[in-house]
Structure formats: structure tokens, C-alpha cells
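Fold and contact review
Each chain, letter by letter, is given below.
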Amino acid sequence: ENMKLKEWGAFTLLGLIWGSSFLWIKIALQETGPFTLVVFRLLFGLIGLLFVARLQKQSFPRDRRTLLAFLFMGAFNTAIPFTLISWGETRIDSGLASILNGTVPLFTIVIAHFWLHDEKITIPRIAGLIVGFVGVVVLVSRDFGPGGVHGNILGQLAVIAASICYSAAITFSRKYLRGQPPLVQSTMVLLIADALMWIATPIFERPMI
């Protein structure tokens, strides 16, 4: 019983931390651009992880196959979705962004069905998918009206695209990075993602610092 309470407590805390991040993104975007924001978010997180990895004397993979897998994860699990969400929040409010980001499990069910042999779609999952996607359609359809498409539809689509990236990365990780220590995965993904963002930011955005 105590173990269940601890697990639910940890789950609730994680939800609060993750959910509040959309609000902090919205606040930070008042002072800087989405690319610059992502660069420094990743940098601060990476510094912390490298410190922990150093303390634990963690070794990192060097073989080509694993590094390429982490390159995919760095792009689709972090760099691209972080940027899409940040850019999307320049057009929509943080509450809507967090709701749309909640579609990750829906897309994961679909992608995993075709990518993983042991994650096939079942009748209950189909029912959940229908309900979930109907909800998304209802949310997005508010911006389609007689006057045409409202501007913030692009922000919503950006966040939904970020959810698809997350879903693809989750499925990819299970297939190709199973067995990698969590600290190694987190550190490598942030390292590669931040490197990609330092390359992309000067191209797409003049840093507002």
C-alpha cells in the first residue's frame, strides 16, 4: 500500500513539473525567441546531467550504431519537439499546448502497432484512440470558421507535430536503445540535441541575448 502511494505521489509530482513547464515556456518567450530558449534549456539540463554522470563515473557508448540511434533521439525526442512546442506557444496559450501534448500516447499506440511486434492495437485501444482523436479535432476545429483559418491553428499543429515526434522517439528507443542506462540515454540525447540547436539557432533566429 505504501509503495502504491509513493508511486502515485511520484506520478503526480512528475505531472505537476511537466505540466508547469508549458507555463514557464510561455513566460520565457516574452523575453527571447523559441530557438534561443530551447538552446539554453538544453544547456542547463546537460550541465546537470554531465555533473551527475561524472560523479557516477558513467561511461558512454562510442559504437557507430548506438551513436546514430542517439542522433535520431536527440533530434526527434528533444530538439525538434522542444522547438515546435516553444514556437507553437508564441501563437497559443500554455494550457492548450499542454492538452495537445497529451496526445503523445495516442500517436504512440498507432506508431508502435506498425513498428513493434508486441504492441498491436486492441479493441479497447481503438476505442481510446477514437475518443482521443475526436477530442483533438474538437479543440482544433474551433479555429476553423466562416472567416477562414485563424492564425493560431499553426501553433496547434506545431504542438501536435511535436507529439508525433515524441511518439516516434519513444517507439524507436524501445526498439533500438533497450538496455541503455537511463542516465546515459538522457545525457546523450541532451548532448546531441543541444549541439543540433546550437547549429540551427543562428540560421533560423538571431539570439535575443
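Our subject in this report is the structure included herewith. (Residues numbered from 1 in each chain as written. Predicted model: local features only at pLDDT ≥ 70, side-chain atom pairs only at ≥ 80, totals over all residues. Heavy atoms only, no water.)

Let's talk about the overall build of the protein
Of regular secondary structure, the protein possesses 8 helices and 2 strands. Relative to the compact-globule value of 17 Å for 209 residues, the protein shows a C-alpha radius of gyration of 18 Å, a close match. Across its three principal axes, the protein shows a C-alpha extent of roughly 60 × 50 × 40 Å. Residue burial in the protein is summarised as follows: out of 209 residues, 38% are buried. (Helix = DSSP H or I, 4+ residues; strand = E, 2+ residues; numbered from the N terminus. Rg over C-alpha atoms; globule rule 2.2 N^0.38 Å. Buried < 20%, exposed > 50% of the residue type's maximum accessible area, 1.4 Å probe, protein only.)

Let's talk about the nonpolar core
Core analysis: the largest hydrophobic core is formed by 30 residues, its most contacted members being Leu42, Ile85, Ile92, Leu100 and Met197. Formed by 10 residues, the second largest nonpolar core is a distinct cluster that contains Ala69, Phe70, Ala169 and Ile192. (Core = buried A, V, L, I, M, F, W, Y, C linked by side-chain atoms within 4.5 Å.)

Concerning the environment of Asn77
Here Asn77 lies in helix α3 (residues 64-88). For Asn77, a relative accessible area of 22% translates into the label partly exposed. Between the alpha carbons of Asn77 and Lys4 there is a distance of 29 Å; along the sequence they are 73 residues apart. Here Asn77 is in contact with Phe72, Tyr166, Ala169 and Val189, once residues within four sequence places are set aside. (Contact = heavy atoms within 4.5 Å.)

Thoughts on the layout of surface pockets
The space that makes up the largest pocket amounts to roughly 750 Å³. Surrounding the largest pocket, 25 residues form its lining, Trp18, Asn77, Thr78, Phe82 and Tyr166 being those nearest its centre. Counting residues per element, the ones that place at least two in the lining of the largest pocket are α1 (2-28), α2 (34-55), α3, α7 (153-176) and α8 (182-204). Counted by class, the lining of the largest pocket contains 15 nonpolar, 9 polar and 1 charged residues. (1 Å grid on protein atoms, 1.4 Å probe; cavity = no way out; pocket = protein on both sides within 12 Å on 5 of 7 lines; lining within 4 Å. Points joined across faces, edges and corners; volume = space filled by probe spheres on them. Nonpolar A, V, L, I, M, F, W, Y, C, P; charged D, E, K, R; others polar.)

Section: the environment of Leu183
With respect to the element layout, Leu183 can be found in helix α8. In this structure, the C-alpha to C-alpha distance between Leu183 and Gln58, residues 125 residues apart in sequence, is 8.2 Å. Setting aside residues up to four positions removed in sequence, Leu183 forms contacts with Leu49, Val52, Ala53, Gln56 and Gln58.

A short note on the packing of aromatic side chains
Across all of its chains, the model carries 9 aromatic pairs by this definition. The interplanar angle of 20° and the centroid separation of 5.6 Å between the aromatic rings of Phe35 and Phe204 together place this pair among those described as stacked. With a gap of 169 residues between them, Phe35 in helix α2 and Phe204 in helix α8 connect regions that are remote in the sequence. The structure contains a cluster of three or more aromatic residues connected by ring pairs, namely Phe72, Phe76, Trp115, Phe172 and Tyr176. The positively charged end of Lys175 is found above the aromatic ring belonging to Tyr176, 5.8 Å away from the centroid. (Phe/Tyr/Trp six-rings, centres within 6.5 Å; stacked < 30°, edge-to-face > 60°. Lys NZ or Arg CZ within 6 Å of the ring centre and 35° of its normal.)

A look at the side chain of Glu89
Mapped onto the fold, Glu89 is located in the loop between α3 and α4 (94-101). Lacking a salt bridge, the buried Glu89 has Lys26 as its closest oppositely charged neighbour, with an N-O distance of 5.5 Å. (Lys, Arg positive; Asp, Glu negative; His and termini not counted. Salt bridge = Lys/Arg side-chain N within 4 Å of Asp/Glu carboxyl O.)

Topic: the packing of α3 against α7
Put simply, α3 and α7 touch, their axes get as near as 8 Å, and they point 160° apart. With respect to α7, the axis of α3 lies roughly antiparallel. Crossing handedness for the pair α3 and α7: left-handed. Here the residues of the contact of α3 with α7 sort into 21 nonpolar, 4 polar and 1 charged. (Axes fitted to C-alpha atoms, helices over the stretch in contact; angles between N-to-C directions. Parallel < 35°, antiparallel > 145°, perpendicular 65-115°, else oblique. Left-handed = near helix turned anticlockwise from the far one by under 90°.)

Regarding unusual backbone geometry
If you check the backbone angles, Lys57 has positive phi at about 55° while not being a glycine. Examined against the element boundaries, Lys57 turns out to sit in the loop between α2 and α3.

Considerations on a nonpolar patch on the surface
Judged by side-chain polarity, Ile123, Ile126, Ile130, Val134 and Val138 come together as a nonpolar surface patch covering roughly 480 Å² of accessible area. Mapped onto the fold, Ile123 is located in helix α6 (residues 123-141). Judged by relative accessible area, Ile123 falls into the exposed class, the value being 67%. (Patch = residues over 30% accessible without salt bridge, like charges linked within 9 Å, V, L, I, M, F, W, Y side chains within 5 Å. Areas by Shrake-Rupley, 256 points an atom, 1.4 Å probe, with all protein chains shown as cover.)

Some points on the side chain of Thr103
By the secondary structure assignment, Thr103 is in the loop between α4 and α5 (104-115). A polar contact is formed between the side chain of Thr103 and the backbone oxygen of Leu100, at a distance of 2.6 Å. (Polar contact = N/O pair within 3.5 Å; in protein donor to acceptor, adjacent residues only side chain to side chain.)

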